[in-house]
Number of protein chains: 2
Amino acid sequence: MPWAPARGHNETMASDRSAGPTAIPVEQRRIVADEVRLPPGAMPEGTQGRILCEALRLFAERGFYGTSIRDLAQACGIRSATLYAHFPTKEHVLAELVRVGHESHHARLLGAGGTDPVSRLRAVVRAHVLAHAEYPLLAVVANNELHALSPEMAAPALLIRADGRQLLLDTLDAGVDAGVFHVPDTFMATTAISGMGMRVANWYDRGLPYTPEEIADTYAEFALRVAGVGHA
Amino acid sequence: MPWAPARGHNETMASDRSAGPTAIPVEQRRIVADEVRLPPGAMPEGTQGRILCEALRLFAERGFYGTSIRDLAQACGIRSATLYAHFPTKEHVLAELVRVGHESHHARLLGAGGTDPVSRLRAVVRAHVLAHAEYPLLAVVANNELHALSPEMAAPALLIRADGRQLLLDTLDAGVDAGVFHVPDTFMATTAISGMGMRVANWYDRGLPYTPEEIADTYAEFALRVAGVGHA
DNA sequence: CCTACCGATCGGTAGG
DNA sequence: CCTACCGATCGGTAGG
């Protein structure tokens, strides 16, 4: 359907790895990044933290339903029954990753500064994109596995999303009201700006010749252009 | 993690549906649209077509692994064993949806006209966005369930994606070379423009006060702005 | 398109 | 944190 870009540097059609630069690069099926990382303070000590990290890796790669509790336990070096000494159910493991993902993202949004519309939008978009580029596995799990949670367990994340969405919409509306932004429709500008940032989690990987900061800066520039602030 | 916007008009926190406009709208967990539709010519006659349609609905809502062959059969009004008279395996049902999604999207891209860079980019982005707004369930399945296919069965879709990606990149590069576009980095402009369009499938729904055409037009305008073509 | 059934695996529990 | 085990469900097949 799409083009979810990526330079496809971790998979090739050729089974011969020495095929060299002429090998056809094939994009990832879901996510390019493979570095398991959780925000500071979000990772519990000991086995509980190990379970979260392995779940992050497996859920990002195979999905929640595609990962059995035995897969997860084996990755942690324990028996499946031992998981239940740390989490009440498999769903609670996902719920914790979803919670951490949404809360850390939202905290960055709330921490975004900026007083005038331009610096404000730049700060908000930078925060949004940085969260996705620095924690791509977490973002993919939080975004794409949310449907595996029951409505009750998904509800907190959905409330956080609604708040973040409103924050971006308010930022755009304020700029329009101030006559600084020129946007045909601020709802669609919100979907466009948030959407482009979310997809960063699917293609970004540390093997690319960009730092997360560079991506955040460039995407903030794109967002300002969408908002009708001409380029320099 | 994100804000995948949507006006949340099909779910509310309140169990009382008569709560009225003060009810807090809660966004969908994965996709807002629920209208099952396949591109013209992509739906086989009879039971095989019915299986594809029900699979589209169930895979979009619950995912491939979250849908059992008994769920699918029941939705079609047949027994699970009968599925195997129409498809070799469950995976082949998904593969067919992924194929249809990618091929119909790609056909629209290839059909996009435009000679000068501005009209060319507009046509390509319109095609991209229209495919996602008119067939949101198909787009979500093709994009988000691709990881459930084996590498062999996912390969054709990945090749199509690579081609579409290159088409957009070439469009941007041509505009830059012609001095019409002004972009700090065409790779990132490609990821941004394709990403914003892909996310349309997650939030768009016919209940919103926009037609797919209006969304495509507005997103094409946003893409031109990202490309450094100032707004009118 | 069905009934009947296969072995494998699922999430989770008992009891220590 | 383990062994042992539960009933339920999984994708798929045999045979008609």
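Just so you know, these numbers come straight off a predicted model, no measurement behind them. (Residues numbered from 1 in each chain as written. Chains lettered and ligands numbered in written order. Predicted model: local features only at pLDDT ≥ 70, side-chain atom pairs only at ≥ 80, totals over all residues. Heavy atoms only, no water.)

Peer 1: Please set out the protein's contact with DNA strand C residue by residue, giving values where relevant.
Peer 2: Among the 15 residues in the neighbourhood of DNA strand C, the closest are listed as Ile69 and Lys90 of chain A together with Thr47, Arg79 and Thr82 of chain B. Looking at DNA strand C alone, sugar and phosphate atoms form 56% of those within 4 Å of the protein. In the environment of DNA strand C, a phosphate oxygen lies 3.5 Å from a nitrogen or oxygen atom belonging to the backbone of threonine 67 of chain A. Looking at the surface near DNA strand C residue by residue, the classes come out as six nonpolar, six polar and three charged. (Near = heavy atom within 4 Å. Polar contact = N/O pair within 3.5 Å; in protein donor to acceptor, adjacent residues only side chain to side chain. Nonpolar A, V, L, I, M, F, W, Y, C, P; charged D, E, K, R; others polar.)

Peer 1: Run through helix 6 (residues 136–144) of chain A, naming residues and quoting values.
Peer 2: In an α-helix, one turn spans 3.6 residues, which is why side chains three or four residues apart end up on the same side. All names here are of chain A. The element helix 6 is largely enclosed, with a buried count of nine among its nine residues. Every buried residue of helix 6 is accounted for by Pro136, Leu137, Leu138, Ala139, Val140, Val141, Ala142, Asn143 and Asn144. In this structure, the buried residues of helix 6 make contact with helix 1 (46–62), helix 4 (90–110), helix 5 (117–134), helix 7 (151–177) and helix 8 (186–203). (Buried < 20%, exposed > 50% of the residue type's maximum accessible area, 1.4 Å probe, protein only. Helix = DSSP H or I, 4+ residues; strand = E, 2+ residues; numbered from the N terminus. Contact = heavy atoms within 4.5 Å.)

Peer 1: Which residues make up the relation of the copies chain A and chain B, and what are the values?
Peer 2: Superposition of chain A onto chain B requires a rotation of 180° combined with a translation of 0.0 Å along the rotation axis, giving an RMSD of 0.0 Å. Each copy turns onto its partner about a two-fold axis. Taking the C-alpha atom as reference, chain A places methionine 196 of chain A closest to the rotation axis, 2.2 Å from it. Interface overlap between copies is the fraction of interface residues in one copy that are interface residues in the other; for chain A against chain B it reaches 100%, indicating a shared surface. (Least-squares fit on C-alpha atoms with pLDDT ≥ 70 in both.)

Peer 1: Lay out the protein's contact with DNA strand D with the relevant residues and their values.
Peer 2: Neighbouring DNA strand D are 15 residues, the closest being Thr47 and Thr82 of chain A together with Ile69, Arg70 and Lys90 of chain B. Within 4 Å of the protein, atoms of DNA strand D come from sugar and phosphate in 56% of cases. Between DNA strand D and the protein, one listed contact pairs a phosphate oxygen with a backbone N or O atom of isoleucine 69 of chain B at 2.8 Å. Secondary structure elements with two or more residues in the surface near DNA strand D: helix 3 (80–83) of chain A together with helix 2 (69–76) of chain B. Classifying every residue of the surface near DNA strand D gives six nonpolar, six polar and three charged.

Peer 1: Before we move on, could you go through the packing of aromatic side chains and cite the residues and values that matter?
Peer 2: For the structure on display, the rule yields 12 aromatic pairs over all chains. Note on phenylalanine 187 of chain A and tryptophan 203 of chain B: the rings are 5.5 Å apart at their centroids and 85° apart in plane angle, and the pair reads as edge-to-face. Here phenylalanine 187 of chain A is found in helix 8, whereas its partner tryptophan 203 of chain B is found in helix 7 (residues 186–203) on a different chain. Note on accessibility: phenylalanine 187 of chain A and tryptophan 203 of chain B belong to one class, buried. Centroid distance phenylalanine 187 of chain A to tyrosine 210 of chain B: 5.9 Å. Interplanar angle 5°. Geometry classified as stacked. Of this pair, phenylalanine 187 of chain A sits in helix 8 while tyrosine 210 of chain B is found in the loop between helix 7 and helix 8 (212–226), placing the two residues in two different chains. The buried category is assigned to phenylalanine 187 of chain A, whose relative accessible area is 9%. Tyrosine 210 of chain B sits in the buried class, given a relative accessible area of 10%. (Phe/Tyr/Trp six-rings, centres within 6.5 Å; stacked < 30°, edge-to-face > 60°.)

Peer 1: Outline the UniProt feature "domain: HTH tetR-type" (unreviewed entry) in chain A, supporting the account with residue identities and numerical values.
Peer 2: Per the UniProt record, "domain: HTH tetR-type" (unreviewed entry) is found at residues 45–105 of chain A. This span, residues 45–105 of chain A, is 74% helix and 0% strand, and a straight line between its end C-alpha atoms measures 22 Å. (UniProt positions renumbered as here; feature names shortened; annotations may be inferred.)

Peer 1: Requested: an account of the packing of helix 5 of chain A against helix 7 of chain A, with residues and values cited.
Peer 2: Residue and element names in this part refer to chain A. It is at 9 Å that the axes of helix 5 and helix 7 come closest, and there the two elements cross at 160°. If you check the angle between helix 5 and helix 7, you find them roughly antiparallel. The hand of the helix 5/helix 7 crossing is left-handed. Residues Pro117, Arg120, Leu121 and Val124 of helix 5 pack against Leu167, Leu168, Thr171, Leu172 and Gly175 of helix 7. Here the contact of helix 5 with helix 7 is composed, by residue class, of six nonpolar, two polar and one charged. (Axes fitted to C-alpha atoms, helices over the stretch in contact; angles between N-to-C directions. Parallel < 35°, antiparallel > 145°, perpendicular 65-115°, else oblique. Left-handed = near helix turned anticlockwise from the far one by under 90°.)

Peer 1: Kindly report on the pattern of salt bridges, identifying the contributing residues and their values.
Peer 2: One pass over the full model with this rule turns up 22 salt bridges over all chains. In this structure, arginine 99 of chain A engages glutamate 103 of chain A in a salt bridge whose closest nitrogen and oxygen atoms are separated by 2.7 Å. Of this pair, arginine 99 of chain A and glutamate 103 of chain A both sit in helix 4, four residues apart, which is roughly one turn of the helix. The closest approach of N and O atoms between arginine 57 of chain B and glutamate 54 of chain B, which form a salt bridge, is 2.7 Å. Placement of both arginine 57 of chain B and glutamate 54 of chain B in helix 1 (residues 46–62) is noted, with a separation of three residues, approximately one turn of the helix. A single network of salt bridges, built from pairs that share partners, joins Glu35, Arg37 and Arg206 of chain A. (Salt bridge = Lys/Arg side-chain N within 4 Å of Asp/Glu carboxyl O.)

Peer 1: Before we move on, could you go through the domain arrangement of chain A and cite the residues and values that matter?
Peer 2: All names here are of chain A. Taken domain by domain, chain A consists of domain 1 (12–87) and domain 2 (92–226). Here the C-alpha centroids of domain 1 and domain 2 sit 24 Å apart. Taken together, both faces of the contact between domain 1 and domain 2 bury some 2100 Å²; the carbon and sulfur share is 71%. Counting across the domain 1 and domain 2 interface gives two salt bridges. One salt bridge in this structure joins arginine 206 and glutamate 35, with 3.7 Å as the shortest N-O distance. Connecting domain 1 to domain 2 are five residue pairs in polar contact (both at pLDDT 80 or more). Tallied by class, the residues present in the side of domain 1 that touches domain 2 amount to 17 nonpolar, two polar and five charged. (Domains from an automatic or database assignment. Buried area = accessible area lost by both parts, 1.4 Å probe.)

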